[in-house]
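The chain contents come next:
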Amino acid sequence: MRWANQAISTEQSNSLTGLAKLSNVVRSVQTPEFAGITFHEVLAKTALNHVPGASNAMPFAWTINPYRGCSHSCVYCFARNTHTYLEFDAGRDFDNEIIVKINVAEVVAKELRTKRDRVPVVALGTNTDPYQRAEGRYRLMPGIIAALAEAETPFSILTKGTLLRRDLPLLVEANKRVPVSLAMSIAIFDDDLQQSVEPGTPTAKARLATVTAVREAGLDCSVFMMPILPHLTDTNAHLDEALRQIKAAGATSVLYTAMHLRPGTKEWFMLWLEREHPDLVEKYRYMYYGVNSYAPKEYRKWLAAKIQPLIRKHGLTRGHEDPTTGGVAAAPVRSFGYSQSKTDARGERMPLSPLIAEELPPTAAIAAIGAPTLF
Ligand code: SF4
């Protein structure tokens, strides 16, 4: 690792307690640049996760998470409880104890060589954010993108991270080879509230600028207004202004959902609410009572009646027009202008662009391009 010299400590035995189950921990690292955060570098045995019961509601069957835990620290993050599997807590530890799968690109490339036919599309950003701050150091995404593109596996990325811009040239090249779907998550357009609820994330303004950069690079970019926070971000004024800014940034469509609070997340969120908005505690207790994770049906219907006309008004209805058929597809990952043909006119595989070839993990590069000849 190029930042090995910044390590304050490695293999901190006290911090490995929760990781004891993982036999593949390489080391645990802290750096002055990431105050309060410990990165636990692991060698992943697998990288492609199969999501059982993929459906319209959960349209992806395969995911990749290069990181576990997320320094974006959203108090409502539904993935918090997954950290307890490692005996970390779902609150502060989720934000500060980050598992980094340092060999993830290599493993993805290897798995795709054997599973390619069973993996029609891969989703990134479904559990933790692949462009969280750690990615600036570890740079895992370029290798993953290159491996997916080389294997001709379509993929989607959902992020709050403006670091996505770093990889735009590579994503443009990948999109020439496979459908690539990009989405930015931006739900809170009140700066003070956003910094309080999502303290580790870039501002809404910076994320909107990233949407614009994606569009200027020639790729579609959806915005996920997720989650809408009851009594905090669901006023007409907030929704209308949010959609106006999203449209002005050039986004192609908007998806939204009301907040749900799973066990683990609910306790952390309620602590925040008691601290920051005590007047709303009773209302939230009523909405998310007992083991109920989802906002009540009546609320979701009320929200839909309010936001859907606004989404239509701003021309951000979900779906993309197919210029070749004039039809509208609901699934953004099936991008248009992409030839499904995996071979060129002579029946040969499309050659890899230099940018993709450069980012391929070493063994994948040898498999794709061939071992260098020595004589
Ligand atoms: S960016 Fe996504 S994964 Fe990260 S803390 Fe926020 S909601 Fe969770």
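Sequence positions are assigned chain by chain, starting from 1 and proceeding in written order. A pLDDT threshold of at least 70 governs which residues receive local features in this predicted model, and a stricter bar of 80 or more applies before side-chain atom pairs are shown or counted, although totals over entire chains, interfaces and linings include all residues. In computing side-chain values, all of the structure's heavy atoms are included and hydrogens and water are not.

The chain carries the name DNA repair photolyase in an unreviewed UniProt entry, which gives Conyzicola lurida as its organism.

**Here's the deal with the side chain of histidine 40**
By the criteria applied, helices consist of DSSP H or I runs no shorter than four residues and strands consist of E runs no shorter than two, each listed in order from the N terminus. Mapped onto the elements, histidine 40 comes out in strand S2 (residues 38-42). Per-residue accessibility, obtained with a 1.4 Å probe over protein chains only, is compared with the maximum for each type, and a residue is labelled buried under 20%, exposed over 50%, and partly exposed between these values. Taking the relative accessible area as the measure of exposure, histidine 40 reaches 0% and is therefore buried. Looking at histidine 40, its side chain comes within polar contact range of the side chain of serine 28, at 2.6 Å. For this analysis, a polar contact is any N or O atom pair within 3.5 Å, provided that within protein one partner can donate a hydrogen and the other can accept it, and provided that sequence-adjacent residues contribute only side-chain to side-chain pairs.

**Brief notes about the pattern of salt bridges**
Whenever Lys or Arg places a side-chain nitrogen within 4 Å of a carboxyl oxygen from Asp or Glu, that contact is recorded as a salt bridge. Applying the stated criterion to the full structure yields 16 salt bridges. When the shortest N-O distance is used, the salt bridge between lysine 176 and glutamate 173 registers 2.9 Å. Placement of the pair is lysine 176 and glutamate 173 together in helix H5 (residues 168-177), with a separation of three residues, close to one helical turn. Arginine 244 serves as the salt-bridge partner of glutamate 241, at 2.8 Å between the closest nitrogen and oxygen. Taken together, the residues glutamate 241 and arginine 244, both in helix H8 (residues 236-249) and three residues apart, mark about one turn of the helix. Taking relative accessible area as the criterion, glutamate 241 reaches 31% and is therefore assigned partly exposed. The exposure class of arginine 244 is partly exposed, given its relative accessible area of 42%. Linked by salt bridges that have partners in common, Glu135, Arg166 and Asp167 make up one network.

**Points about the environment of valine 172**
If you trace the backbone, valine 172 turns up in helix H5. Once the C-alpha coordinates of valine 172 and glycine 218 are considered, the two residues, 46 residues apart in sequence, prove to be 7.6 Å apart. Whether two residues are in contact is decided by their heavy atoms: any pair within 4.5 Å suffices. Setting aside residues up to four positions removed in sequence, valine 172 forms contacts with Ala217 and Leu219.

**Description of the site of the ligand**
Consider each residue's heavy atoms; a residue with any of them within 4 Å of a molecule or strand counts as near. Neighbouring the ligand are Cys70, His72, Ser73, Cys74, Cys77, Phe94, Asn127, Thr128, Asp129 and Lys160. Residues are sorted three ways: Asp, Glu, Lys and Arg are charged, Ala, Val, Leu, Ile, Met, Phe, Trp, Tyr, Cys and Pro are nonpolar, and all the rest, Gly among them, are polar. When the residues that make up the shell around the ligand are grouped by side-chain class, the tally is four nonpolar, four polar and two charged.

**Section: the packing of aromatic side chains**
In this analysis, rings of Phe, Tyr and Trp, with Trp reduced to its six-membered ring, are considered paired at centre separations within 6.5 Å, and the interplanar angle assigns stacked below 30 degrees, edge-to-face beyond 60, and tilted for intermediate values. Scanning the model with the defined rule gives six aromatic pairs in all. Aromatic pair phenylalanine 39 and tyrosine 138: ring centres 5.5 Å apart, planes at 80 degrees, arrangement edge-to-face. Here phenylalanine 39 is found in strand S2, whereas its partner tyrosine 138 is found in helix H3 (residues 135-138), with 99 residues between them in sequence. Take phenylalanine 39 and tyrosine 138: they sit in the same class, and that class is buried. Measuring from centroid to centroid gives 5.3 Å for phenylalanine 269 and tryptophan 272, while their planes differ by 45 degrees, and the two rings are tilted. With phenylalanine 269 and tryptophan 272 both in helix H9 (residues 265-276) and three residues apart, this pair spans about one turn of that helix. Taking the relative accessible area as the measure of exposure, tryptophan 272 reaches 2% and is therefore buried.

**Here's the deal with the pairing of strand S1 (residues 25-29)**
The element S1 is largely enclosed, with a buried count of four among its five residues. Sheet topology places S1 next to S2; four bridges connect them, and they run antiparallel. Its bridge partner being in S2, valine 25 is matched across the sheet by valine 42. Strands are treated as partners if at least two bridges between them are detected by DSSP.

**A closer look at the packing of H8 against helix H11 (residues 297-313)**
Convention adopted: a line fitted to C-alpha atoms gives each axis, helices being fitted over their contacting stretch, and angles between N-to-C directions are expressed from 0 to 180 degrees. The contact between H8 and H11 brings their axes to 10 Å, and the two run at 30 degrees. By the angle between their axes, H8 is roughly parallel relative to H11. Handedness of the H8/H11 crossing: right-handed. Touching Asn236, Leu239, Asp240 and Leu243 of H8 are Leu303, Lys306, Ile307, Leu310, Ile311 and Lys313, all from H11. Should an angle lie under 35 degrees it is considered roughly parallel, over 145 roughly antiparallel, and from 65 to 115 roughly perpendicular; all remaining angles are considered oblique. Left-handed describes a crossing in which the near helix is turned anticlockwise from the far one by less than a right angle; the clockwise case is right-handed.

**So, the sheet that holds strand S11 (residues 253-258)**
Strands pair in a sheet through their backbones, by hydrogen bonds, and they do so in one of two ways: parallel or antiparallel. Pairing is mixed in the open sheet, where seven strands are placed in the order S3-S4-S7-S8-S9-S10-S11. In this open sheet, the two edge strands, each paired with only one partner strand, are strand S3 (48-50) and S11. Going from strand to strand, the sheet's axes swing by 25 degrees on average, the running direction of each strand aside. Sheet topology note: the strand S4 (residues 62-64)/strand S7 (residues 122-124) ladder contains three bridges and is parallel. The residue bridging tryptophan 62 from the neighbouring strand is valine 122, located in S7. Of the strands in this sheet, strand S8 (155-159) and strand S9 (180-185) are in contact with H5, which crosses S9 at around 140 degrees. Its contacts with the sheet place H8 against strand S10 (221-228) and S11, and it is angled at close to 160 degrees to S10.

**Observations concerning the nonpolar core**
Taken as a class, soluble globular proteins show a tendency for nonpolar side chains to be buried jointly. As used here, the term nonpolar core means buried Ala, Val, Leu, Ile, Met, Phe, Trp, Tyr and Cys residues forming a set that is joined through side-chain atoms within 4.5 Å. In terms of nonpolar packing, the biggest core is built from 99 residues, with Phe155, Leu171, Met225, Phe269 and Tyr284 touching the most fellow members. Broken down by element, this core gets its largest block of residues, seven residues, from helix H4 (residues 141-150). In this structure methionine 225 touches Ile186, Ala187, Leu239, Ala242, Leu243, Ile246, Val254, Leu255, Tyr256, Thr257 and Ile307, once residues within four positions along its chain are discounted.

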